[in-house]
Amino acid sequence: MSFKVNADLVALFKGVVVSLKPYALGQDVNLSFESSIPSQFSYYHPKDFLPEIASLLSKIISFTPRSYGVHVSFDKDESKKDFCVLQILNTGVNLSHVTEILNTVSFEINSEDLNSNSTLFKVSIPIL
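Structural notes, computed from the coordinates. Note that the structure is predicted; figures quoted are calculated from it, not measured.

## Quick notes on the packing of aromatic side chains
- The full count for this structure, using the stated rule, is 1 aromatic pair.
- With centroids separated by 5.2 Å and ring planes inclined at 50°, the aromatic side chains of Phe-13 and Phe-74 adopt a geometry described as tilted. With a gap of 61 residues between them, Phe-13 in helix H1 (residues 9-26) and Phe-74 in strand E4 (residues 69-76) connect regions that are remote in the sequence. Summarising the burial analysis for this pair, Phe-13 and Phe-74 share the class buried.
- Directly above the ring of Phe-83 sits Lys-80, whose terminal nitrogen or CZ lies 5.3 Å from the centroid.

## Some details on H1
- Along its 18 residues, H1 runs 26 Å from first to last C-alpha, staying within 8% of the 26 Å computed at 1.5 Å per residue.
- The largest bend along H1 reaches roughly 40° and is located at Leu-20, with the proline Pro-22 sitting one to four residues downstream.
- For H1, the complete set of buried residues consists of Leu-9, Val-10, Leu-12, Phe-13, Val-16, Val-17, Leu-20 and Ala-24.

## Here's the deal with the pairing of strand E3 (residues 41-44)
- Of the two faces of E3, only the one carrying Ser-42 and Tyr-44 is buried; Phe-41 and Tyr-43 on the other face are not.
- Where strand E1 (residues 5-8) meets E3, 4 bridges bridge the pair, whose relative direction is antiparallel. Along E3, the bridge assignment pairs Asn-6 with Tyr-43.

## Observations concerning the nonpolar core
- Within the largest apolar cluster, 34 residues are counted, with the highest numbers of intra-cluster contacts made by Leu-9, Phe-13, Leu-86 and Ile-88.
- Among the elements of the structure, H1, helix H2 (46-63), E4, strand E5 (83-91) and strand E7 (118-126) are those that each provide at least two residues to this core.
- Per-element tally for this core: the top contributor is H1, with 8 residues.
- Sequence-distant contacts of Ile-88, that is, excluding residues within four places in its chain, are made with Leu-56, Leu-57, Ile-60, Val-70, His-71, Val-72, Thr-119, Leu-120 and Phe-121.

Thresholds applied
Residues numbered from 1 in each chain as written. Predicted model: local features only at pLDDT ≥ 70, side-chain atom pairs only at ≥ 80, totals over all residues. Heavy atoms only, no water. Phe/Tyr/Trp six-rings, centres within 6.5 Å; stacked < 30°, edge-to-face > 60°. Helix = DSSP H or I, 4+ residues; strand = E, 2+ residues; numbered from the N terminus. Buried < 20%, exposed > 50% of the residue type's maximum accessible area, 1.4 Å probe, protein only. Lys NZ or Arg CZ within 6 Å of the ring centre and 35° of its normal. Expected span 1.5 Å × (residues − 1). Bend = angle between axes of the 7 residues up to and from the residue. Pairing = 2+ DSSP bridges. Core = buried A, V, L, I, M, F, W, Y, C linked by side-chain atoms within 4.5 Å. Contact = heavy atoms within 4.5 Å.

By themselves these figures say nothing about function.
This is the structure in structure tokens:
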């Protein structure tokens, strides 16, 4: 039997980004992370959360052209009280219609075509 843990989601997502930096560097993609909030504690189950987010970021990095970037940010979701949002902005190519990316996570994910050369993915993260 496994249990959910109460942990800081800001540190968790920053750690995922840091762990993927060598992969991004190998692809010649600039990967960065920022959070407008210093911490956000929530209960989650690591086996449900971490593989999906790491897989999502890996796929976005792999589809991003060389010399471009992927920027990850974490913030409160102003439209949904018990949610935060993980935003992933890629540059260099529009990925808003790549189903291989959109079907990566079981959380609510939306993509927004910012222009022909970038996409903003928004993943709703429940705060428990």
